[in-house]
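Residues per chain, in single letters:
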Amino acid sequence: MCIFCKIVNKEIQGNIVHESEHFLAFNDLYPKAPIHILIIPKQHVDCFQEVGAETMSGMTTFIQEVASKVGIDNTGYRLVTNNGEDGGQEVRHLHFHLLGGGKLIWDHSHEDAHNFI
Ligand code: AMP
Ligand code: ZN
């Protein structure tokens, strides 16, 4: 069983922010922003490339609820999913990173701006 499934099954303690029948939101262990929440479907799906549109439909509403609950729905946030090896995905259970609570850095320049090795 994967580490996030263990959090769903309460075998590992997660710092839970929001929960519904099908989705779970908990704080990232190593936050990269003042607010850094991971949002997952309770049912195991490896990655974004494998998820169905029906799950994503419920996920959309759930993510919006989480953003409202922690008070960043109006100030803004960044939503990220790392998919597969090149995407830098370390935990193979689909998760969205919800980052906010401060102005996030993003390189808007067009010169030498690349995010690949
Ligand atoms: P990714 O690199 O997109 O797969 O992201 C995995 C994320 O999971 C990282 O940001 C980790 O800090 C986070 N993480 C790993 N283990 C745990 C855990 N037990 N509880 C909360 N966050 C975790
Ligand atoms: Zn899992």
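Quick caveat: nothing in here was measured; it's all calculated off a predicted structure. (Residues numbered from 1 in each chain as written. Chains lettered and ligands numbered in written order. Predicted model: local features only at pLDDT ≥ 70, side-chain atom pairs only at ≥ 80, totals over all residues. Heavy atoms only, no water.)

(A) Looking closely at the overall build of the protein. Helix and strand counts for the protein come out as 3 helices and 5 strands. Ordered by position in the sequence, the α and β elements of the protein form the string α-β-β-β-α-β-α-β. A compact globule built from 117 residues should have a C-alpha radius of gyration of about 13 Å, and the protein, at 15 Å, falls within 12% of that. Its C-alpha atoms give the protein principal-axis dimensions of roughly 45 × 30 × 30 Å. Classification of the 117 residues of the protein by burial places 35% in the buried group. Long-range contacts, defined here as pairs at least 24 residues apart, represent 54% of the contacts in the protein between residues at least 6 apart. (Helix = DSSP H or I, 4+ residues; strand = E, 2+ residues; numbered from the N terminus. Rg over C-alpha atoms; globule rule 2.2 N^0.38 Å. Buried < 20%, exposed > 50% of the residue type's maximum accessible area, 1.4 Å probe, protein only. Contact = heavy atoms within 4.5 Å.)

(B) Spatial organisation of the pattern of salt bridges. One pass over the full model with this rule turns up 2 salt bridges. Between Glu19 and Lys10 there is a salt bridge, with its nearest N and O atoms 3.6 Å apart. In this structure Glu19 comes out as partly exposed when scored by relative accessible area, which is 39%. Residue Glu19 pairs with Lys42 through a salt bridge whose shortest N-O separation is 2.9 Å. Within this pair, whereas Glu19 is found in strand β1 (residues 16-19), its partner Lys42 is found in the loop between β3 (35-41) and α2 (53-69), the two being separated by 23 residues in sequence. Among the charged side chains, a network of salt bridges with common partners joins Lys10, Glu19 and Lys42. (Salt bridge = Lys/Arg side-chain N within 4 Å of Asp/Glu carboxyl O.)

(C) The arrangement of the site of ligand 1 in detail. Asp28, Asn82, Glu90, His95 and His97 are the nearest of the 16 residues found near ligand 1. Between ligand 1 and Gly88 there is a distance of 3.3 Å, counted from an oxygen atom to a backbone nitrogen or oxygen. His95 places a side-chain nitrogen or oxygen 2.9 Å from an oxygen atom of ligand 1. Expressed as a share of its isolated accessible area of 510 Å², the protein-covered part of ligand 1 is 86%. Those elements giving two or more residues to the shell around ligand 1 turn out to be α1 (3-8) and β2 (23-27). For the shell around ligand 1, a count of residues per class yields 8 nonpolar, 6 polar and 2 charged. (Near = heavy atom within 4 Å. Polar contact = N/O pair within 3.5 Å; in protein donor to acceptor, adjacent residues only side chain to side chain. Areas by Shrake-Rupley, 256 points an atom, 1.4 Å probe, with all protein chains shown as cover. Nonpolar A, V, L, I, M, F, W, Y, C, P; charged D, E, K, R; others polar.)

(D) Region of the structure containing the environment of Glu19. Taking C-alpha positions, Glu19 is 9.9 Å from Val8, a pair spaced 11 residues apart along the chain. Residues within four places of Glu19 in sequence aside, it is in contact with Lys10, Leu24, Lys42 and Phe62. A polar contact is formed between the side chain of Glu19 and the side chain of Lys42, at a distance of 2.9 Å.

(E) Structural view of the pairing of β3. Most of β3 sits out of view: 7 of its 7 residues are buried. Burial along β3 is two-sided: the face carrying Ile35, Ile37, Ile39 and Pro41 and the face carrying His36, Leu38 and Ile40 are both buried. The pairing of β3 with strand β5 (residues 96-100) spans 5 bridges and is classified as antiparallel. Bridging across to β5, His36 finds its partner in Leu99. (Pairing = 2+ DSSP bridges.)

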